[in-house]
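# Structural characterization, general
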Amino acid sequence: WKAMRFGGIDLLVTIKRNLVPDDTMFMGADPKFLGKFFELEPVTMYVKREAFMLEFFSYELIGAVIGNVAAVGRADFV
């Protein structure tokens, strides 16, 4: 993603064609009008120690809900 500002509007631009097809734009309202974000499981760290080797990773489980369907939109330019 690349963030930019154009004509007073904040834009996120991507080259990932599998996410956003060519000539398509998705729009969203301010996050306070969009929906809710949930942390279903807080950040957890797993540590494994064997002799002089140390292995670790962390993970969390998150989720989001669009609570206001009028806050998101898609425009196709043809």
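The notes below deal with the structure included here. Note that the structure is a prediction, hence the values are computed from the model and not measured.

## Some details on the overall build of the chain
Each helix and strand in the chain was counted, giving one helix and six strands. Listing every helix and strand of the chain by position from the N terminus yields β-β-β-α-β-β-β. Over its C-alpha atoms the chain spans a radius of gyration of 19 Å, topping by over 25% the 12 Å that the globule rule assigns to 78 residues. Here the C-alpha coordinates of the chain stretch approximately 60 × 30 × 25 Å along the principal axes. Within the chain, the proportion of its 78 residues that are buried is 6%.

## Topic: unusual backbone geometry
Of note in this structure, Asp 23 is not a glycine but carries a positive phi near 60°. Its location among the elements puts Asp 23 in the loop between β2 (9–13) and β3 (24–28). The exposure class of Asp 23 is exposed, given its relative accessible area of 53%. Notably, Ala 51 is not glycine yet its phi reads approximately 50°, a positive angle. Examined against the element boundaries, Ala 51 turns out to sit in the loop between β4 (35–50) and β5 (53–66).

Cut-off values and rules
- Residues numbered from 1 in each chain as written.
- Predicted model: local features only at pLDDT ≥ 70, side-chain atom pairs only at ≥ 80, totals over all residues.
- Heavy atoms only, no water.
- Helix = DSSP H or I, 4+ residues; strand = E, 2+ residues; numbered from the N terminus.
- Rg over C-alpha atoms; globule rule 2.2 N^0.38 Å.
- Buried < 20%, exposed > 50% of the residue type's maximum accessible area, 1.4 Å probe, protein only.

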